[in-house]
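Structure assessment
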Amino acid sequence: MPDIRLLNAQNSHSEAPVKISSIKAGRTWNIRISPSVDRSKNPIRETLASITANAPSTSKVPINLGLGDPTHYPLHPPPAAAIAAVECAVSGGRANGYLNGVGSMEARQAVVDYHKRWDGVDYDASDIVLTHGVGQALDLLFSVMIPPASVERANILVPRPGFAQYTALLADLDAEIRYYDCIEENDWEVDLDMVDQLCDEDTRAIILTNPSNPCGSNYSREVLKDLLKVAERHKVPIIADEIYGHMTWSSPFTPLASLSKSVPIITLSGLSKRFLVPGWRFGWAALHDPLGVAADVKRGMAVWGNRFMGPNSIIQAALPTILATESEWFDEVIYKIETLAKIVYQGLSDTPGLSTTFPSGAMYCFAKISRDAFPDLEDDVAFATALYNEEAVFVLPGICFGMPGYFRIVLATPSDVMTDVVERVQGFCDRHYRL
Ligand SMILES: *Cc1c(COP(=O)(O)O)cnc(C)c1O
């Protein structure tokens with residue numbers, strides 16, 4: 001039996017007088033936060049808020065072609081077997097525990113099998129880290145590959161036009177962001193000379209998005225091979241964001257890792273786009289390192305993967321079934337997107353003041369607004385704002401992708417909605433066109 005007086009004595013420090021002498025009288029609350037917060041704002045969310053700040057002046061039904069979310073309308077139901085596997089994982093009661101931080105062995109093996117089946121690339125389960133979507137995979141890789149400025153200088157190459165999240169995630173890290181162009185006249189292929197010129201001894205990685213958001217392009221084998229040559233010469237690894245991998249129609253998709261015999265490739269993929277379930281928040285990073293020169297990156301990925309104990313156990317348990325989805329289901333989805341691509345391409349090509357390249361992958365059409373064609377709309381944000389106001393059609397201006405003078409249409413609606421969109425955009429352009 002502990003001596004009660006002793007316990008009281010031990011606790012007695014709580015009764016010690018509070019030292020108030022060192023605190024200035026009249027001190028007010030002043031909770032400060034990191035300046036990184038404002039630097040990391042995602043421009044898409046911000047622009048969306050400004051364009052939709054006022055309700056449209058038309059009574060037409062609003063059509064949202066802004067956010068790249070294929071479930072908004074929805075485009076197509078997710079694979080039935082995937083839904084059943086998730087239900088089963090929940091009701092089975094055996095998928096509720098903590099798993100290895102980089103993902104369960106079974107789930108990582110399912111990713112290995114998936115890339116073998118679709119990409120013809122051999123990974124080992126130890127090359128895979130499962131994440132909360134590709135967004136977290138990017139965050140993880142950036143943290144692993146970019147040192148603090150106090151240690152070493154670093155830069156990273158990012159495509160323009162490109163996915164805004166790269167910039168948002170890099171904003172609070174010490175890497176200089178160097179944008180390389182994708183060339184519209186060349187089906188939005190990478191400007192290889194520019195990549196070559198931007199690389200130096202401090203370049204940590206080149207980010208490639210293929211198929212591209214927002215361009216809707218699908219790079220040719222030749223360009224990808226040439227990009228590998230540039231990376232090989234500079235000895236720079238490539239982060240291949242292939243979240244839209246195999247979502248192509250005009251020509252087959254070429255996984256970058258399948259071409260690389262020497263350059264380390266970190267392939268990013270997941271369930272958000274190809275499987276039409278972005279809310280499930282599931283993705284991964286897969287390291288292809290044919291020469292074994294990126295062992296530190298592999299170690300870093302494993303260490304960082306353990307900081308958050310991996311993505312949720314339910315989807316991990318269902319993953320082998322989800323990733324085994326039969327080819328026919330993907331074919332149905334692709335057919336629908338291709339149909340929308342044709343409707344939009346035809347419609348916009350016939351519209352004075354607009355032009356576009358035929359999208360061949362992902363789920364986007366990126367259209368150019370001719371300079372001077374619409375004198376009352378000073379830029380792409382004014383164009384998108386007026387389009388929303390007059391026609392209740394919401395599209396994202398190019399500035400969200402680092403490319404003013406363009407706008408992006410998401411190809412993920414029923415086809416009658418897209419036909420309606422084209423008519424409204426044509427009517428809008430006819431009204432404003434002055435040339
Ligand atoms: C939508 C998208 C992603 C997906 O990110 P998740 O975090 O997996 O939902 C990644 N990269 C690009 C280019 C995208 O458009």
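Now for a look at the structure at hand. (Residues numbered from 1 in each chain as written. Predicted model: local features only at pLDDT ≥ 70, side-chain atom pairs only at ≥ 80, totals over all residues. Heavy atoms only, no water.)

**Considering a negative patch on the surface**
- On the surface, Glu326, Glu328, Asp331 and Glu332 cluster together to form a negatively charged patch.
- Residue placement: Glu332 occurs in helix 13 (residues 327–349).
- A residue is classified by how much of its surface remains accessible, and Glu332, at 41% relative accessible area, is partly exposed. (Patch = residues over 30% accessible without salt bridge, like charges linked within 9 Å, V, L, I, M, F, W, Y side chains within 5 Å. Areas by Shrake-Rupley, 256 points an atom, 1.4 Å probe, with all protein chains shown as cover. Salt bridge = Lys/Arg side-chain N within 4 Å of Asp/Glu carboxyl O. Lys, Arg positive; Asp, Glu negative; His and termini not counted. Charge placed at Lys NZ, Arg CZ, Asp CG, Glu CD. Helix = DSSP H or I, 4+ residues; strand = E, 2+ residues; numbered from the N terminus. Buried < 20%, exposed > 50% of the residue type's maximum accessible area, 1.4 Å probe, protein only.)

**Looking at empty space enclosed by the protein**
- The tally for this structure, following the rule as stated, stands at four cavities of 30 Å³ or more.
- Taken as a whole, the largest cavity encloses approximately 80 Å³ of empty space.
- As for the largest cavity, its lining consists of 13 residues, of which Tyr114, Glu242, Gly245, His246 and Ser269 are closest to the centre.
- At the level of secondary structure, the elements contributing two or more residues to the lining of the largest cavity comprise helix 5 (105–119) and strand 8 (265–270).
- It is helix 5 that contributes the most residues to the lining of the largest cavity, four residues altogether.
- Tallied by class, residues from the lining of the largest cavity come to four nonpolar, six polar and three charged. (1 Å grid on protein atoms, 1.4 Å probe; cavity = no way out; pocket = protein on both sides within 12 Å on 5 of 7 lines; lining within 4 Å. Points joined across faces, edges and corners; volume = space filled by probe spheres on them. Nonpolar A, V, L, I, M, F, W, Y, C, P; charged D, E, K, R; others polar.)

**A few points about the pattern of salt bridges**
- What the rule picks out here adds up to 16 salt bridges.
- Its salt-bridge partner being Asp196, residue Arg233 comes within 3.1 Å of it at the nearest N-O pair. Of this pair, Arg233 sits in helix 9 (residues 221–234) while Asp196 sits in helix 8 (residues 192–198), and the two are 37 residues apart along the sequence.
- According to the relative accessible area criterion, Arg233 is exposed, its value standing at 53%.
- Classification of Asp196 as partly exposed rests on a relative accessible area of 26%.
- Here Glu232 makes a salt bridge to Lys235, at a shortest N to O gap of 3.1 Å.
- Note on Glu232: relative accessible area 29%, which makes it partly exposed.
- One continuous salt-bridge network, built from bridges that share partners, spans Lys60, Glu390, Glu391 and Arg431.

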